[in-house]
Amino acid sequence: MKLLKTLPLSLVIFLLLGITHSKIQAQSTDGKKVLKRKVAIGRFTNVTKQSQSIFYDQEADQLGKQAADILATKLVASEKFILIERQDYDKIVSELEKSNTMTQNIGADFLIIGSVTELGRKTIGNQKVFSSSVKQAVEAGVSMRLVDVTTGLIIYSGEGKGSAEVQDKRVMGFGETADFDATLTDKAIGAAINQLVENIINSCMDKPWQAYILAEDEGSLIISGGETQGIAAGDVYGVLSPGKKVKNPQTGITIELPGKVVGKITIDMTIGDTPQNEVSMATLTEGEVDMENLSKYRIVENK
């Protein structure tokens, strides 16, 4: 095949012999393989009163990056997602405003947009005759929206609240005292994000997994995704011809009607070593597709 000619000889032999390095594939609790969804965290900003200060560096926005890192860690820990790094939010918005090919341009199935909406710190003292105590507390609010990149529609929106505190106590002058605990901010934001993560996960997993046909090479179809996402040699998937798109005159939203499965493919091999460059080679085993218009098809799980 033409594609194999562009690869190093050692890699070609490696692939043809079927000797591939092992990768852990996500599985649900019932043992069924889970095909990972690709998610991009496009923007996480700080819109608290703190951010309105003339001394706050909007470009650095450490609080927004902190929240995005916490969210990314929790999503990866679920073993159901591949996180796509996207630094240029304006470019993402521009791509979303285009049509049809935006999923392939962004490289993700879903886009998360979030903000830290509240962040308050307080210290509460309690003085008694023989003892005293000081409680340090942080309260945080986080808002998140989940966008289906294929349609550009918001499929989930929510706001979570979280708090964290620590208390220092002294009796008869003895005991520990401490400066303000900086980790309380992390804990409060993490607690707020925890309230939303399960809904984010469920909203993503409720949407059917899909991939795209990228090209045809001497009878083989090259589709997006590979081992990291959960695709393996021998897997069988359906080829979906999307339904007609109609515009709702009341809302102005374009709706895609249910499509039709027109064929099946079998995965022959996977190529690539990162989520960004992985592809799979497949053979059409049932049905027919228009080889001159492959971009209109989607690859879906067999039911």
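What comes next is a walk through the structure. (Residues numbered from 1 in each chain as written. Predicted model: local features only at pLDDT ≥ 70, side-chain atom pairs only at ≥ 80, totals over all residues. Heavy atoms only, no water.)

Of note, the phi angle at Glu79 is positive, near 60°, even though the residue is not glycine. With respect to the secondary-structure elements, Glu79 resides in the loop between α3 (62–77) and β2 (81–84). In this structure Glu79 comes out as partly exposed when scored by relative accessible area, which is 48%. (Helix = DSSP H or I, 4+ residues; strand = E, 2+ residues; numbered from the N terminus. Buried < 20%, exposed > 50% of the residue type's maximum accessible area, 1.4 Å probe, protein only.)

Okay, the side chain of Ser241 next. Turning to its location among the elements, Ser241 is positioned in strand β9 (residues 236–241). Once you skip the residues sitting within four places of it in the chain, Ser241 turns out to touch Gly259, Lys260, Val262 and Tyr297. (Contact = heavy atoms within 4.5 Å.)

Next up on the list: a nonpolar patch on the surface. Residues Leu153, Val246, Ile253, Ile255 and Leu257 make up a contiguous nonpolar surface patch of roughly 350 Å² in combined accessible area. Residue Ile255 is classed as partly exposed on the basis of its relative accessible area of 40%. (Patch = residues over 30% accessible without salt bridge, like charges linked within 9 Å, V, L, I, M, F, W, Y side chains within 5 Å. Areas by Shrake-Rupley, 256 points an atom, 1.4 Å probe, with all protein chains shown as cover. Salt bridge = Lys/Arg side-chain N within 4 Å of Asp/Glu carboxyl O.)

What follows covers the environment of Pro275. Tracing the sequence through the fold places Pro275 in the loop between β12 (260–271) and β13 (279–287). Placed 193 residues apart in sequence, Pro275 and Ile82 show a C-alpha to C-alpha distance of 7.3 Å. Discounting chain neighbours no more than four positions away, the residues touching Pro275 are Lys38, Ile82 and Thr228.

Here the focus is the pairing of β12. Relative to β12, β9 is paired through 6 bridges, and the arrangement is antiparallel. Following the sheet pairing, Val239 is matched in β12 by Gly263. The pairing of β12 with β13 spans 8 bridges and is classified as antiparallel. Bridging from a neighbouring strand, Lys264 pairs with Glu286 of β13. (Pairing = 2+ DSSP bridges.)

Glancing now at the sheet that holds strand β7 (residues 210–217). Pairing is antiparallel in the closed barrel, where 6 strands are placed in the order β7-β8-β13-β12-β9-β14. Strand-to-strand twist of the sheet, defined as the mean angle between neighbouring strand axes without regard to direction, takes the value 45°. Taken together, the 4 bridges between strand β8 (residues 220–224) and β13 define a ladder with antiparallel strand orientation. In the strand pairing of β13, Ile222 is matched with Met281. (Axes fitted to C-alpha atoms, helices over the stretch in contact; angles between N-to-C directions.)

Another point: the pattern of salt bridges. Inspection of every chain in the model, using the stated rule, returns 3 salt bridges. Between Lys207 and Asp148 there is a salt bridge; the shortest N-O distance is 3.9 Å. Within this pair, whereas Lys207 is found in the loop between α6 (183–206) and β7, its partner Asp148 is found in strand β4 (residues 131–148), the two being separated by 59 residues in sequence. Judged by relative accessible area, which is 31%, Lys207 ranks as partly exposed. The class for Asp148 is buried, based on a relative accessible area of 9%. Connected via shared salt-bridge partners are Glu118, Glu159 and Lys161.

With 24 residues, α6 should cover 34 Å at 1.5 Å per step; its first-to-last C-alpha distance of 34 Å lies within 8% of that length. Taken as a whole, α6 carries its principal kink of about 35° at Leu196. (Expected span 1.5 Å × (residues − 1). Bend = angle between axes of the 7 residues up to and from the residue.)

Counting buried positions over the 6 residues of β9 gives 5, a clear majority of the element. Relative to strand β14 (residues 298–301), β9 runs antiparallel, the two being bridged by 4 bridges. In the strand pairing of β14, Tyr237 is matched with Glu301.

Contact pair α3 / α6: the axes reach a minimum separation of 9 Å and the direction vectors enclose 50°. In this view, α3 runs oblique relative to α6, as classed from their interaxial angle. For α3 against α6, the interelement crossing comes out right-handed. Together, Leu63, Gln66, Ala67, Ile70, Leu71, Lys74 and Leu75 of α3 and Thr185, Asp186, Ile189, Gly190, Ile193, Asn194, Val197, Ile200 and Ile201 of α6 make up the contact between the two elements. For the contact of α3 with α6, the residue count by class is 10 nonpolar, 4 polar and 2 charged. (Parallel < 35°, antiparallel > 145°, perpendicular 65-115°, else oblique. Left-handed = near helix turned anticlockwise from the far one by under 90°. Nonpolar A, V, L, I, M, F, W, Y, C, P; charged D, E, K, R; others polar.)

All right, on to the packing of aromatic side chains then. The full count for this structure, using the stated rule, is 1 aromatic pair. An angle of 40° between the planes, with centres 5.4 Å apart, marks the rings of Trp209 and Tyr237 as tilted. Of this pair, Trp209 sits in the loop between α6 and β7 while Tyr237 sits in strand β9, and the two are 28 residues apart along the sequence. Like Tyr237, Trp209 is buried. (Phe/Tyr/Trp six-rings, centres within 6.5 Å; stacked < 30°, edge-to-face > 60°.)

In this structure, Phe44, Leu71, Leu75, Met144 and Ile193 are the most contacted members of the largest nonpolar core, which totals 32 residues. Per-element tally for this core: the top contributor is α6, with 10 residues. Counting 16 residues, the second-largest nonpolar core is a separate cluster that includes Ile231, Tyr237, Val239 and Tyr297. (Core = buried A, V, L, I, M, F, W, Y, C linked by side-chain atoms within 4.5 Å.)

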